[in-house]
Structures are given as structure tokens and as C-alpha cells.
Amino acid sequence: MPNTDAAFGFRPVQHLDGSPWNGKVNMYYIPSTYGTALFVGDPCVSGGTSGAAGDVVNGIDVEGMSTIAAPVAGSTLRGVIVGFLPLQSNLERLHNPVSTARIALVCDAPDVVFEVQEDGDTSAIQATEVGFNADMITYAAGRTLTGRSLMEIDSSTAVSTAAQFRILGLSKRPGNILGTFAKWLVVINEHEFKTAGGV
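Residues numbered from 1 in each chain as written. Predicted model: local features only at pLDDT ≥ 70, side-chain atom pairs only at ≥ 80, totals over all residues. Heavy atoms only, no water.

Examining the pattern of salt bridges
Within the structure shown, the criterion is met by 3 salt bridges. We note a salt bridge from Arg 11 to Glu 115, for which the minimum N-O separation is 3.4 Å. One end of the pair, Arg 11, is in strand E1 (residues 11-15); the other, Glu 115, is in strand E9 (residues 112-117), with 104 residues separating them in the sequence. Judged by its relative accessible area of 30%, Arg 11 is partly exposed. (Salt bridge = Lys/Arg side-chain N within 4 Å of Asp/Glu carboxyl O. Helix = DSSP H or I, 4+ residues; strand = E, 2+ residues; numbered from the N terminus. Buried < 20%, exposed > 50% of the residue type's maximum accessible area, 1.4 Å probe, protein only.)

Thoughts on the packing of aromatic side chains
What the rule picks out here adds up to 1 aromatic pair. Residues Phe 10 and Phe 165 carry aromatic rings whose centres are separated by 4.7 Å and whose planes lie at 15 degrees to one another, so their mutual orientation is stacked. Here the residue Phe 10 occupies a position in the segment before E1, and Phe 165 occupies one in strand E11 (residues 165-170), the gap between them amounting to 155 residues. For Phe 165, a relative accessible area of 0% puts it in the buried group. The ring of Phe 8 has Arg 11 sitting right over it, with the charged end atom 4.0 Å from the ring centre. (Phe/Tyr/Trp six-rings, centres within 6.5 Å; stacked < 30°, edge-to-face > 60°. Lys NZ or Arg CZ within 6 Å of the ring centre and 35° of its normal.)

With respect to the pairing of strand E3 (residues 43-50)
Across 2 bridges, the pairing between E3 and strand E7 (residues 79-84) is antiparallel. Bridged to Cys 44 within E7 is Gly 79. Note: E3 against strand E6 (residues 66-69), 3 bridges, orientation antiparallel. Of the residues in E6, the one forming a bridge with Ser 50 is Ser 66. (Pairing = 2+ DSSP bridges.)

Describing the nonpolar core
Ranked by internal contacts, the top residues of the largest apolar core, which has 38 residues, are Phe 10, Leu 38 and Ile 68. Of all the elements in the fold, those that place two or more residues in this core are strand E2 (26-30), E3, E6, E7, strand E8 (102-107), E9, E11 and strand E12 (183-188). If we ignore the near neighbours within four places in the chain, the residues touching Leu 38 are Ile 30, Ile 68, Ala 70, Ile 81, Phe 84, His 95, Asn 96 and Tyr 139. The next biggest cluster of nonpolar side chains, apart from the first, holds 5 residues, and it includes Tyr 29, Val 57, Val 62 and Ile 103. (Core = buried A, V, L, I, M, F, W, Y, C linked by side-chain atoms within 4.5 Å. Contact = heavy atoms within 4.5 Å.)

Some remarks on the side chain of Asp 42
Mapped onto the elements of the fold, Asp 42 is located in the loop between E2 and E3. The buried charged residue Asp 42 lacks any salt bridge, with Arg 148 as its nearest oppositely charged partner at 8.2 Å. Among the polar contacts made by the side chain of Asp 42, one reaches the main-chain amide nitrogen of Phe 39 at a distance of 2.8 Å. Here the side chain of Asp 42 touches Tyr 139 through a polar contact of 2.7 Å, side chain to side chain. Residue contacts for Asp 42: discarding those within four places in its chain leaves Gly 79, Val 80, Ile 81, Tyr 139, Ser 149 and Met 151. (Lys, Arg positive; Asp, Glu negative; His and termini not counted. Polar contact = N/O pair within 3.5 Å; in protein donor to acceptor, adjacent residues only side chain to side chain.)

In short, the description is geometric, and any link to function would need to be established separately.
Below is the structure:
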């Protein structure tokens with residue numbers, strides 16, 4: 001039976017040493033001037049700035065709090081969005097719409113392992129490509145109904161040279177087999193906290 005096409009972005013599952021992911025995150029500021037919607041499971045990059053003096057989001061002082069942004073092709077990543085603090089004007093809003101000030105919760109530890117679906121658009125990732133590296137697909141908006149990301153790894157980019165993610169192995173979930181839309185365990189290779197010069 002083929003794999004189901006059900007992208008969910010990147011989901012933290014454990015650390016590289018095998019210990020369970022403990023749910024630890026850091027808060028990042030998304031200013032109201034930012035024009036891209038963000039979703040749970042989206043990889044993100046540093047926004048290159050921080051909250052200014054007097055900036056407050058839903059009663060929380062964000063002065064000096066780092067911003068994040070959606071990645072572009074080849075980005076060195078800060079981490080993965082795993083949630084947002086409630087939007088008081090709409091408590092049911094699970095994603096962050098464009099031009100909306102919000103605080104994102106980001107799993108930014110460089111040793112966290114994520115589960116993600118491959119796109120399988122040209123050719124699926126092969127058993128012999130475990131241990132290879134791959135990039136993510138071009139950033140795309142997720143589902144506004146569920147708030148979940150639609151990001152995947154690009155199976156056609158699996159290479160033995162540098163790329164954004166290291167493919168660690170097939171996710172051991174029921175019904176998951178090698179082939180198109182397989183779910184994989186990966187770790188971020190090109191991470192902002194791993195670079196020698198920092199951000």
C-alpha cells in the first residue's frame with residue numbers, strides 16, 4: 001500500500017542521542033510589518049532584527065526579542081516553529097497571518113531530530129541515500145484551517161555533499177515504507193547555531 005500524501009511540516013521527535021524531545025522552545029517575535037504567513041512546522045530563519053523599545057505583543061514586552069522569518073532557497077536555518085502564543089483578537093487562529101504581531105515558539109536546539117515527509121516529485125529517496133543530505137522544498141504557505149505547515153524535504157536534492165538536512169532514517173510509523181511521500185527522520189545540518197561566525 002503506497003504512502004499517504006499528508007505533509008505536516010517538520011515535527012520534533014527526539015534528540016540525536018536518542019532521548020525524547022523535551023518540549024523546550026524559545027520565543028521569537030514576528031512584527032506586524034512582516035508580510036508572510038507562518039505555520040506550525042515551518043522551518044524559520046533569523047529575521048535579522050529584534051523588538052524595539054516599547055514593543056508589546058498581547059501584554060508581553062518584546063523589546064530585544066529576536067525576530068524570525070520564512071526561509072528562502074539555501075537558507076541557514078534557526079529552527080522550526082512548533083506553536084504560537086494565543087492571538088487575543090482571535091483565539092482560534094492556529095497559524096500566524098500576514099502583518100500580524102505574534103510571538104512564535106521555536107525549537108531551535110541544533111541537535112533535535114525532526115520527522116518530515118518527502119515530496120517524491122522526481123524520484124523517491126532510496127535506502128542507499130540514508131546518511132545523505134537534502135534541502136527542503138521552496139517555502140509554501142500551509143493550511144489555515146489546521147495551522148499546519150505543508151513543508152517537505154525535496155527528495156530530488158538528496159546528495160552526499162552539503163544541504164540543509166541530514167537524512168537519518170525512515171520514520172518507524174505504521175504503514176510508512178520507502179517510496180513517494182515517505183516520512184523521514186532528519187536533523188538540521190545548516191543551522192545558525194552551528195556556523196562558526198554565528199548569524
